[in-house]
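# Descriptive structure summary
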Amino acid sequence: MIKDKLVFEYIEKEKIRQTQGIELIASENYVSEQVMAAAGSVLTNKYAEGLPGKRYYGGCEIVDEIEDVARNRLKKLFDANWVNVQPHSGAQANAAVMLGILNPGDKILGFDLAHGGHLTHGSSVNFSGKIYSSCFYGVKKNNGLLDYNQLEKVAFKEKPKLIICGASSYSRDWDYKKIREIADSVSAIVLADIAHPSGLIARGLLNDPLDHCHIVTSTTHKTLRGPRGGIIMMRNDYDNPLGTKSPKGNLKSLSSVLDSAVFPGTQGGPLEHIIAAKAISFEEALSDNYMQYILQVKKNAKMMAKCLIEKGYNIISNGTENHLMLIDLSNKDITGKVAENTLGKADITINKNMVPFDKESPFITSGMRIGSAAITTRGMKEKEMKKVVFYVDEVLKNRNNEKIIREIKKEINKWMVDYPLFK
Ligand code: DSN
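My aim in this report is to walk through the structure given alongside it, one point at a time. The model shown is predicted, which means the values in this text are computed figures rather than measured ones. (Residues numbered from 1 in each chain as written. Predicted model: local features only at pLDDT ≥ 70, side-chain atom pairs only at ≥ 80, totals over all residues. Heavy atoms only, no water.)

### Things to note about the environment of Arg203
- Inspection of the secondary structure puts Arg203 in the loop between α8 (198–202) and β9 (215–219).
- We classify Arg203 as partly exposed; its relative accessible area is 21%.
- Expressed as a C-alpha distance, the spacing of Arg203 and Leu286, which sit 83 residues apart in the sequence, is 8.0 Å.
- For Arg203, the residues in contact, after removing those within four places along its chain, are Leu77, Ala285, Leu286, Ser287, Tyr290, Met291 and Ile294.
- Within the local environment of Arg203, its side chain forms a polar contact with the backbone oxygen of Ser287, the two atoms lying 3.0 Å apart. (Helix = DSSP H or I, 4+ residues; strand = E, 2+ residues; numbered from the N terminus. Buried < 20%, exposed > 50% of the residue type's maximum accessible area, 1.4 Å probe, protein only. Contact = heavy atoms within 4.5 Å. Polar contact = N/O pair within 3.5 Å; in protein donor to acceptor, adjacent residues only side chain to side chain.)

### Examining the nonpolar core
- In this structure, Phe78, Leu151, Ile163, Cys165, Trp174 and Met233 are the most contacted members of the largest nonpolar core, which totals 52 residues.
- The element that contributes the greatest number of residues to this core is helix α11 (residues 288–310), accounting for five residues.
- Leaving out residues up to four positions away in the same chain, Trp174 has contacts with Phe111, Tyr137, Leu146, Tyr148, Cys165, Gly166, Ala167, Ile179 and Asn207.
- Cys307, Leu343, Val392 and Trp415 belong to the second largest nonpolar core, which has 36 residues in total. (Core = buried A, V, L, I, M, F, W, Y, C linked by side-chain atoms within 4.5 Å.)

### Details of the side chain of Asp173
- If you trace the backbone, Asp173 turns up in the loop between β7 (162–165) and α7 (176–185).
- It is Lys298 that comes nearest to the buried, bridge-free Asp173 among opposite-charge side chains, at 6.5 Å. (Lys, Arg positive; Asp, Glu negative; His and termini not counted. Salt bridge = Lys/Arg side-chain N within 4 Å of Asp/Glu carboxyl O.)

### Here we look at the sheet that holds strand β11 (residues 314–315)
- Read across the open sheet, the four strands follow the order β11-β12-β15-β14; overall the sheet is antiparallel. A strand with exactly one partner marks an edge of an open sheet, and here the two such strands are β11 and β14 (351–353).
- Pairing analysis gives five bridges linking strand β12 (residues 324–328) to strand β15 (residues 367–371), with the strands arranged antiparallel. Considered in β15, the bridge of Leu326 is made with Arg369.
- Packed on one face of the sheet, α11 meets β11, β12 and β15 and runs near 15° to β12. (Pairing = 2+ DSSP bridges. Axes fitted to C-alpha atoms, helices over the stretch in contact; angles between N-to-C directions.)

Printed below as a string of C-alpha coordinates:
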(Lines give C-alpha, C1' and ligand atoms only; values in the text may rest on other atoms or scores of the structure.)
Protein backbone atom coordinates (compact mmCIF):
# COMPACT_ATOMS: atom_id res chain seq x y z
CA MET A 1 0.00 0.00 0.00
CA ILE A 2 2.77 2.44 0.90
CA LYS A 3 4.39 3.68 -2.31
CA ASP A 4 6.75 6.48 -1.34
CA LYS A 5 9.77 4.41 -0.40
CA LEU A 6 12.05 7.40 0.01
CA VAL A 7 9.98 9.31 2.55
CA PHE A 8 9.01 6.21 4.51
CA GLU A 9 12.63 5.17 4.69
CA TYR A 10 13.40 8.53 6.26
CA ILE A 11 10.50 8.14 8.69
CA GLU A 12 11.86 4.73 9.70
CA LYS A 13 15.32 6.24 10.20
CA GLU A 14 13.86 8.99 12.38
CA LYS A 15 12.02 6.37 14.41
CA ILE A 16 15.30 4.57 15.01
CA ARG A 17 16.98 7.86 15.95
CA GLN A 18 14.22 8.69 18.42
CA THR A 19 14.32 5.20 19.88
CA GLN A 20 18.02 4.55 20.29
CA GLY A 21 19.02 7.85 21.90
CA ILE A 22 18.48 9.69 25.17
CA GLU A 23 16.00 12.48 24.41
CA LEU A 24 16.61 15.42 26.71
CA ILE A 25 15.05 18.25 24.67
CA ALA A 26 12.72 19.78 27.26
CA SER A 27 9.97 20.55 24.75
CA GLU A 28 9.73 17.06 23.25
CA ASN A 29 7.91 13.91 24.24
CA TYR A 30 6.67 10.61 22.80
CA VAL A 31 2.94 10.30 22.12
CA SER A 32 0.93 7.09 22.49
CA GLU A 33 0.08 4.86 19.55
CA GLN A 34 -3.57 5.97 19.66
CA VAL A 35 -2.58 9.64 19.47
CA MET A 36 -0.41 8.86 16.43
CA ALA A 37 -3.19 6.81 14.83
CA ALA A 38 -5.66 9.69 15.13
CA ALA A 39 -3.08 12.18 13.79
CA GLY A 40 -2.61 9.96 10.72
CA SER A 41 -6.32 9.26 10.17
CA VAL A 42 -8.87 10.13 7.44
CA LEU A 43 -9.82 13.22 9.43
CA THR A 44 -6.95 14.93 7.61
CA ASN A 45 -9.24 15.00 4.56
CA LYS A 46 -11.93 17.17 6.13
CA TYR A 47 -12.44 20.91 5.87
CA ALA A 48 -14.32 22.32 8.86
CA GLU A 49 -13.85 26.09 9.03
CA GLY A 50 -15.85 27.48 11.92
CA LEU A 51 -16.83 25.88 15.22
CA PRO A 52 -18.94 22.79 16.00
CA GLY A 53 -22.54 23.51 14.89
CA LYS A 54 -21.44 26.65 13.02
CA ARG A 55 -19.30 25.45 10.12
CA TYR A 56 -18.81 26.83 6.63
CA TYR A 57 -18.76 23.34 5.05
CA GLY A 58 -21.12 20.38 4.84
CA GLY A 59 -20.35 16.93 6.17
CA CYS A 60 -19.09 18.19 9.52
CA GLU A 61 -21.47 16.16 11.75
CA ILE A 62 -18.76 13.76 12.86
CA VAL A 63 -15.90 16.22 13.24
CA ASP A 64 -18.31 18.39 15.25
CA GLU A 65 -18.68 15.51 17.72
CA ILE A 66 -14.92 14.98 17.83
CA GLU A 67 -14.15 18.64 18.42
CA ASP A 68 -16.77 18.77 21.17
CA VAL A 69 -15.17 15.75 22.85
CA ALA A 70 -11.81 17.56 22.69
CA ARG A 71 -13.28 20.77 24.11
CA ASN A 72 -15.12 19.02 26.93
CA ARG A 73 -12.12 16.93 27.95
CA LEU A 74 -9.85 19.98 27.92
CA LYS A 75 -12.32 21.93 30.07
CA LYS A 76 -12.33 19.07 32.56
CA LEU A 77 -8.53 18.76 32.55
CA PHE A 78 -7.93 22.42 33.43
CA ASP A 79 -11.27 23.23 35.07
CA ALA A 80 -11.81 25.81 32.32
CA ASN A 81 -15.15 27.21 31.25
CA TRP A 82 -14.17 28.18 27.73
CA VAL A 83 -11.56 26.64 25.41
CA ASN A 84 -10.54 26.71 21.76
CA VAL A 85 -8.70 23.60 20.54
CA GLN A 86 -8.04 24.78 16.99
CA PRO A 87 -4.71 26.66 17.13
CA HIS A 88 -2.17 24.80 15.01
CA SER A 89 0.59 25.59 17.51
CA GLY A 90 1.43 27.56 20.63
CA ALA A 91 2.67 30.42 18.46
CA GLN A 92 -0.67 30.47 16.59
CA ALA A 93 -2.54 30.48 19.90
CA ASN A 94 -0.54 33.51 21.06
CA ALA A 95 -1.01 35.25 17.70
CA ALA A 96 -4.78 34.78 17.97
CA VAL A 97 -4.88 36.16 21.51
CA MET A 98 -2.91 39.26 20.52
CA LEU A 99 -4.97 39.82 17.37
CA GLY A 100 -8.13 39.49 19.45
CA ILE A 101 -7.33 41.88 22.27
CA LEU A 102 -4.76 44.35 20.91
CA ASN A 103 -4.49 46.96 18.22
CA PRO A 104 -1.27 47.24 16.19
CA GLY A 105 1.23 49.37 18.10
CA ASP A 106 -0.23 48.52 21.53
CA LYS A 107 2.31 47.87 24.25
CA ILE A 108 2.99 44.34 25.51
CA LEU A 109 5.20 43.28 28.42
CA GLY A 110 6.80 39.83 28.25
CA PHE A 111 9.53 37.71 29.78
CA ASP A 112 12.78 38.46 27.96
CA LEU A 113 13.66 35.75 25.43
CA ALA A 114 17.29 35.96 26.51
CA HIS A 115 16.22 35.21 30.10
CA GLY A 116 14.02 32.23 29.24
CA GLY A 117 10.97 33.76 27.54
CA HIS A 118 9.58 32.93 24.13
CA LEU A 119 9.81 34.43 20.65
CA THR A 120 6.07 35.13 20.58
CA HIS A 121 6.22 37.20 23.76
CA GLY A 122 7.46 40.31 21.98
CA SER A 123 10.76 39.38 20.32
CA SER A 124 11.79 41.85 17.62
CA VAL A 125 12.21 39.04 15.07
CA ASN A 126 8.66 37.74 15.66
CA PHE A 127 5.22 39.11 14.69
CA SER A 128 4.68 39.95 18.37
CA GLY A 129 7.60 42.38 18.39
CA LYS A 130 6.97 43.72 14.90
CA ILE A 131 3.24 44.46 15.20
CA TYR A 132 3.16 45.43 18.88
CA SER A 133 5.48 47.58 20.92
CA SER A 134 7.26 45.28 23.34
CA CYS A 135 9.04 45.74 26.64
CA PHE A 136 10.44 43.07 28.92
CA TYR A 137 11.14 41.83 32.42
CA GLY A 138 13.73 39.22 33.33
CA VAL A 139 15.47 37.32 36.11
CA LYS A 140 17.75 38.58 38.87
CA LYS A 141 21.43 38.27 38.12
CA ASN A 142 22.36 36.98 41.59
CA ASN A 143 19.96 34.01 41.75
CA GLY A 144 18.32 33.52 38.37
CA LEU A 145 14.85 33.97 39.86
CA LEU A 146 12.17 36.03 38.19
CA ASP A 147 12.41 39.69 39.21
CA TYR A 148 8.83 40.63 40.16
CA ASN A 149 9.99 44.09 41.31
CA GLN A 150 11.39 44.78 37.88
CA LEU A 151 8.19 43.46 36.30
CA GLU A 152 6.18 45.86 38.45
CA LYS A 153 8.46 48.82 37.68
CA VAL A 154 8.35 48.23 33.93
CA ALA A 155 4.58 47.75 34.07
CA PHE A 156 4.12 51.09 35.91
CA LYS A 157 6.44 52.91 33.53
CA GLU A 158 5.22 51.41 30.26
CA LYS A 159 1.52 50.81 31.05
CA PRO A 160 1.24 47.76 28.75
CA LYS A 161 -2.17 46.58 27.56
CA LEU A 162 -1.02 42.97 27.86
CA ILE A 163 1.33 41.28 30.33
CA ILE A 164 2.54 37.86 29.23
CA CYS A 165 3.89 35.34 31.69
CA GLY A 166 5.34 31.96 30.85
CA ALA A 167 8.65 30.76 29.49
CA SER A 168 10.48 28.21 27.42
CA SER A 169 13.46 27.81 29.74
CA TYR A 170 12.58 28.85 33.29
CA SER A 171 12.71 26.07 35.86
CA ARG A 172 10.69 27.74 38.65
CA ASP A 173 7.00 28.17 39.34
CA TRP A 174 5.19 31.46 38.70
CA ASP A 175 3.39 33.78 41.10
CA TYR A 176 0.35 34.39 38.88
CA LYS A 177 -1.53 36.11 41.71
CA LYS A 178 1.15 38.74 42.03
CA ILE A 179 1.30 39.29 38.28
CA ARG A 180 -2.49 39.73 38.16
CA GLU A 181 -2.29 42.31 40.96
CA ILE A 182 0.35 44.25 39.03
CA ALA A 183 -1.74 43.96 35.85
CA ASP A 184 -4.88 45.20 37.62
CA SER A 185 -3.01 48.25 38.88
CA VAL A 186 -2.20 49.28 35.29
CA SER A 187 -5.41 47.89 33.72
CA ALA A 188 -3.59 45.25 31.68
CA ILE A 189 -4.83 41.85 30.55
CA VAL A 190 -2.72 38.86 31.67
CA LEU A 191 -1.89 36.03 29.29
CA ALA A 192 -0.16 32.96 30.73
CA ASP A 193 1.60 30.86 28.12
CA ILE A 194 2.03 27.50 29.83
CA ALA A 195 3.34 25.65 26.77
CA HIS A 196 6.06 23.93 28.79
CA PRO A 197 4.63 23.05 32.20
CA SER A 198 0.98 22.53 31.16
CA GLY A 199 0.99 18.83 32.11
CA LEU A 200 2.25 19.63 35.60
CA ILE A 201 -0.29 22.43 35.97
CA ALA A 202 -3.17 20.23 34.74
CA ARG A 203 -2.50 17.71 37.49
CA GLY A 204 -1.96 20.25 40.27
CA LEU A 205 1.82 19.99 40.58
CA LEU A 206 2.37 23.71 39.96
CA ASN A 207 0.39 26.92 40.61
CA ASP A 208 -2.77 27.26 38.54
CA PRO A 209 -2.65 30.24 36.14
CA LEU A 210 -6.36 29.92 35.35
CA ASP A 211 -7.07 31.12 38.89
CA HIS A 212 -5.60 34.53 38.12
CA CYS A 213 -4.78 35.09 34.45
CA HIS A 214 -7.47 36.24 32.04
CA ILE A 215 -6.29 34.00 29.19
CA VAL A 216 -4.10 30.89 29.14
CA THR A 217 -2.44 29.38 26.05
CA SER A 218 -0.43 26.20 25.73
CA THR A 219 1.05 23.76 23.30
CA THR A 220 -0.23 20.20 23.53
CA HIS A 221 2.96 18.29 22.70
CA LYS A 222 5.37 19.00 25.53
CA THR A 223 4.61 17.79 29.07
CA LEU A 224 0.96 17.35 28.05
CA ARG A 225 2.15 14.54 25.72
CA GLY A 226 -0.33 15.10 22.91
CA PRO A 227 0.10 15.84 19.20
CA ARG A 228 1.86 19.01 18.07
CA GLY A 229 -0.64 21.83 18.50
CA GLY A 230 -1.99 24.73 20.52
CA ILE A 231 -4.96 25.57 22.77
CA ILE A 232 -6.50 28.65 24.38
CA MET A 233 -8.44 28.55 27.66
CA MET A 234 -10.22 30.76 30.17
CA ARG A 235 -11.82 29.93 33.49
CA ASN A 236 -14.04 33.01 33.37
CA ASP A 237 -15.28 34.97 30.41
CA TYR A 238 -14.80 38.76 30.31
CA ASP A 239 -15.95 41.73 28.31
CA ASN A 240 -13.82 42.23 25.26
CA PRO A 241 -11.24 44.91 26.13
CA LEU A 242 -11.30 46.39 22.62
CA GLY A 243 -15.05 46.97 22.96
CA THR A 244 -15.79 45.16 19.69
CA LYS A 245 -19.51 44.91 19.08
CA SER A 246 -21.52 42.18 17.37
CA PRO A 247 -23.46 43.09 14.20
CA LYS A 248 -26.49 43.63 16.48
CA GLY A 249 -24.56 46.17 18.52
CA ASN A 250 -24.00 44.01 21.62
CA LEU A 251 -20.61 44.07 23.32
CA LYS A 252 -18.86 40.84 22.34
CA SER A 253 -17.53 38.60 25.07
CA LEU A 254 -13.80 37.91 25.21
CA SER A 255 -14.46 34.25 24.37
CA SER A 256 -16.25 35.10 21.13
CA VAL A 257 -13.51 37.58 20.24
CA LEU A 258 -10.88 34.87 20.77
CA ASP A 259 -12.85 32.30 18.76
CA SER A 260 -13.01 34.78 15.87
CA ALA A 261 -9.33 35.62 16.28
CA VAL A 262 -8.44 31.95 15.73
CA PHE A 263 -10.78 31.61 12.75
CA PRO A 264 -11.09 33.63 10.56
CA GLY A 265 -8.52 35.89 12.24
CA THR A 266 -5.33 33.89 12.02
CA GLN A 267 -6.17 30.45 10.61
CA GLY A 268 -8.25 28.73 7.97
CA GLY A 269 -9.55 25.20 8.40
CA PRO A 270 -8.78 23.51 11.72
CA LEU A 271 -6.76 20.28 11.65
CA GLU A 272 -9.48 17.87 12.75
CA HIS A 273 -7.10 14.89 12.73
CA ILE A 274 -4.92 16.75 15.23
CA ILE A 275 -7.98 17.82 17.23
CA ALA A 276 -8.95 14.13 17.49
CA ALA A 277 -5.42 13.34 18.64
CA LYS A 278 -5.64 16.21 21.15
CA ALA A 279 -8.94 14.77 22.46
CA ILE A 280 -7.27 11.41 23.04
CA SER A 281 -4.27 12.95 24.78
CA PHE A 282 -6.54 15.02 27.08
CA GLU A 283 -8.29 11.83 28.21
CA GLU A 284 -4.90 10.20 28.73
CA ALA A 285 -3.81 13.22 30.79
CA LEU A 286 -6.86 12.75 33.03
CA SER A 287 -5.86 9.15 33.80
CA ASP A 288 -4.15 7.72 36.89
CA ASN A 289 -1.33 6.49 34.66
CA TYR A 290 -0.60 10.02 33.52
CA MET A 291 -0.69 11.24 37.13
CA GLN A 292 2.03 8.71 37.96
CA TYR A 293 3.92 9.78 34.86
CA ILE A 294 3.84 13.51 35.55
CA LEU A 295 4.80 13.02 39.19
CA GLN A 296 7.78 11.02 37.95
CA VAL A 297 8.68 13.76 35.42
CA LYS A 298 9.03 16.17 38.31
CA LYS A 299 11.00 13.72 40.47
CA ASN A 300 13.30 12.87 37.57
CA ALA A 301 14.04 16.52 36.81
CA LYS A 302 14.88 17.12 40.48
CA MET A 303 17.19 14.13 40.50
CA MET A 304 18.91 15.20 37.28
CA ALA A 305 19.45 18.70 38.72
CA LYS A 306 20.87 17.25 41.95
CA CYS A 307 23.28 14.96 40.09
CA LEU A 308 24.39 17.76 37.77
CA ILE A 309 25.02 20.11 40.70
CA GLU A 310 27.07 17.37 42.39
CA LYS A 311 29.20 17.23 39.26
CA GLY A 312 29.83 20.97 39.37
CA TYR A 313 27.26 22.11 36.81
CA ASN A 314 25.79 25.54 37.33
CA ILE A 315 22.01 25.33 37.05
CA ILE A 316 20.28 28.69 36.68
CA SER A 317 18.29 29.33 39.91
CA ASN A 318 20.12 26.34 41.41
CA GLY A 319 17.42 23.77 40.78
CA THR A 320 14.07 23.02 39.26
CA GLU A 321 10.41 22.87 40.25
CA ASN A 322 9.17 21.63 36.90
CA HIS A 323 10.39 19.30 34.12
CA LEU A 324 13.38 21.28 32.89
CA MET A 325 16.57 23.06 33.81
CA LEU A 326 18.90 25.54 32.20
CA ILE A 327 22.62 24.94 32.69
CA ASP A 328 25.25 27.65 32.40
CA LEU A 329 28.31 25.87 30.98
CA SER A 330 30.73 28.81 31.31
CA ASN A 331 32.52 27.25 34.31
CA LYS A 332 33.04 24.07 32.24
CA ASP A 333 34.72 26.10 29.49
CA ILE A 334 32.34 24.79 26.85
CA THR A 335 29.73 26.59 24.78
CA GLY A 336 26.15 25.46 24.27
CA LYS A 337 26.87 24.85 20.60
CA VAL A 338 29.78 22.52 21.33
CA ALA A 339 27.79 20.74 24.05
CA GLU A 340 24.85 20.16 21.69
CA ASN A 341 27.09 18.83 18.90
CA THR A 342 29.22 16.68 21.17
CA LEU A 343 26.32 15.12 23.06
CA GLY A 344 24.63 14.51 19.71
CA LYS A 345 27.52 12.29 18.66
CA ALA A 346 26.68 10.02 21.61
CA ASP A 347 22.95 10.07 20.74
CA ILE A 348 22.12 12.35 23.65
CA THR A 349 19.87 15.08 22.24
CA ILE A 350 19.74 18.48 23.95
CA ASN A 351 19.46 22.04 22.75
CA LYS A 352 21.92 24.86 23.22
CA ASN A 353 20.25 27.74 25.01
CA MET A 354 21.00 31.31 25.95
CA VAL A 355 21.47 31.83 29.68
CA PRO A 356 20.43 35.10 31.35
CA PHE A 357 23.01 37.87 30.67
CA ASP A 358 24.71 35.59 28.12
CA LYS A 359 27.84 36.96 26.44
CA GLU A 360 27.59 34.54 23.53
CA SER A 361 25.29 34.89 20.50
CA PRO A 362 22.09 32.81 20.15
CA PHE A 363 23.96 30.64 17.61
CA ILE A 364 26.70 29.76 20.11
CA THR A 365 25.20 30.34 23.60
CA SER A 366 26.74 29.62 27.01
CA GLY A 367 24.11 27.15 28.08
CA MET A 368 22.09 24.06 27.43
CA ARG A 369 18.52 23.22 28.37
CA ILE A 370 17.47 19.74 29.33
CA GLY A 371 14.20 18.18 30.45
CA SER A 372 12.80 14.93 31.78
CA ALA A 373 9.43 14.65 29.97
CA ALA A 374 10.53 12.35 27.13
CA ILE A 375 12.82 10.00 29.04
CA THR A 376 10.17 9.58 31.72
CA THR A 377 7.74 8.41 29.03
CA ARG A 378 10.36 5.77 28.16
CA GLY A 379 9.95 4.44 31.71
CA MET A 380 13.01 5.93 33.39
CA LYS A 381 13.03 6.74 37.09
CA GLU A 382 15.43 8.43 39.52
CA LYS A 383 17.97 5.58 39.33
CA GLU A 384 18.26 6.06 35.57
CA MET A 385 18.67 9.84 35.97
CA LYS A 386 21.98 9.25 37.72
CA LYS A 387 23.16 7.23 34.73
CA VAL A 388 21.89 9.81 32.25
CA VAL A 389 23.82 12.56 34.05
CA PHE A 390 26.88 10.31 34.22
CA TYR A 391 26.78 9.89 30.42
CA VAL A 392 26.22 13.63 29.82
CA ASP A 393 29.19 14.47 32.01
CA GLU A 394 31.46 11.79 30.53
CA VAL A 395 30.73 12.94 26.97
CA LEU A 396 31.34 16.60 27.80
CA LYS A 397 34.54 15.81 29.70
CA ASN A 398 35.79 13.68 26.80
CA ARG A 399 34.63 16.06 24.09
CA ASN A 400 37.96 15.81 22.27
CA ASN A 401 38.11 12.03 22.39
CA GLU A 402 36.05 10.62 19.53
CA LYS A 403 36.82 7.03 20.52
CA ILE A 404 35.38 7.35 24.02
CA ILE A 405 32.32 9.16 22.65
CA ARG A 406 31.74 6.34 20.13
CA GLU A 407 31.94 3.78 22.95
CA ILE A 408 29.47 5.74 25.07
CA LYS A 409 27.10 5.98 22.09
CA LYS A 410 27.19 2.19 21.71
CA GLU A 411 26.49 1.73 25.42
CA ILE A 412 23.58 4.18 25.24
CA ASN A 413 22.06 2.51 22.17
CA LYS A 414 22.23 -0.86 23.95
CA TRP A 415 20.80 0.59 27.18
CA MET A 416 17.85 2.28 25.45
CA VAL A 417 16.60 -1.07 24.13
CA ASP A 418 15.41 -1.66 27.73
CA TYR A 419 13.09 1.38 27.42
CA PRO A 420 10.86 0.67 24.42
CA LEU A 421 8.64 3.40 23.00
CA PHE A 422 5.51 1.30 23.17
CA LYS A 423 5.12 -1.41 25.80
N1 DSN B 1 10.63 25.69 20.55
C2 DSN B 1 9.93 25.50 21.79
C3 DSN B 1 10.83 25.03 22.86
O4 DSN B 1 11.71 24.26 22.56
O5 DSN B 1 10.67 25.41 24.01
C6 DSN B 1 9.25 26.74 22.17
O7 DSN B 1 8.51 27.18 21.09
